[in-house]
Amino acid sequence: MHTENTNKRAYTEQETSAYIGMSRSFLRQSRMEGHRQNRTEAPPFIKIGRAVRYLKEDLDQWLDSHRKQTHLVCDGGDHA
């Protein structure tokens, strides 16, 4: 039986990767290294035993915190 991710509260690494559009390698590396200068900070996670899980509400807040309100402009004046 397949359950849609929208009904789940805690996501696996693979589900999180698909939900936020980032690679599993990004999640692993940022989890192991913590916050580093000039790197995107990883979303918060929880550990249950050896299992790593990401809460949907944390992922939504993390995505919202990276929202940009202005348009990006390239050197040539074209909009990105």
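Residues numbered from 1 in each chain as written. Predicted model: local features only at pLDDT ≥ 70, side-chain atom pairs only at ≥ 80, totals over all residues. Heavy atoms only, no water.

Colleague: What is the right way to look at the overall build of the chain in this model?
Modeller: When helices and strands are counted, the chain shows three helices and three strands. When the 80 residues of the chain are sorted by exposure, 21% land in the buried category. Considering only residue pairs separated by 6 or more positions, the chain has 42% of its internal contacts joining residues 24 or more positions apart. Element-wise, carbon and sulfur atoms account for 48% of the exposed surface of the chain, whose accessible area totals about 6500 Å². (Helix = DSSP H or I, 4+ residues; strand = E, 2+ residues; numbered from the N terminus. Buried < 20%, exposed > 50% of the residue type's maximum accessible area, 1.4 Å probe, protein only. Contact = heavy atoms within 4.5 Å. Areas by Shrake-Rupley, 256 points an atom, 1.4 Å probe, with all protein chains shown as cover.)

Colleague: Looking at this structure, how should I read the packing of helix α1 (residues 13-20) against helix α2 (residues 24-33)?
Modeller: Packed helices, taken two at a time, are described by the angle their axes make and the gap between the axes. Where α1 meets α2, the axes come as close as 8 Å, and the angle between the chain directions of the two elements is 110°. With respect to each other, α1 and α2 are oriented roughly perpendicular. The crossing of α1 and α2 is right-handed. In contact with Glu13, Gln14, Thr16, Ser17 and Ile20 of α1, α2 contributes Arg24, Leu27, Arg28 and Arg31. Looking at side-chain class alone, the contact of α1 with α2 contains two nonpolar, three polar and four charged residues. (Axes fitted to C-alpha atoms, helices over the stretch in contact; angles between N-to-C directions. Parallel < 35°, antiparallel > 145°, perpendicular 65-115°, else oblique. Left-handed = near helix turned anticlockwise from the far one by under 90°. Nonpolar A, V, L, I, M, F, W, Y, C, P; charged D, E, K, R; others polar.)

Colleague: Honestly, the sheet that holds strand β3 (residues 51-55) in this entry has me stumped. Any pointers?
Modeller: Strand pairing in a sheet relies on backbone hydrogen bonds, with the paired strands running either antiparallel or parallel. Taking strand neighbours across the sheet as the criterion, the three strands line up as β1-β3-β2 in an open arrangement whose pairing is antiparallel. Every interior strand has two partners, whereas the edge strands, β1 (10-11) and β2 (46-48), have only one. Each of β1 and β3 is contacted by helix α3 (residues 56-65), which is oriented at about 60° to β3, the strand it contacts most. (Pairing = 2+ DSSP bridges.)

Colleague: Looking at this structure, how should I read the side chain of Thr16?
Modeller: The topology assignment puts Thr16 in helix α1. For Thr16, a relative accessible area of 0% corresponds to the buried category.

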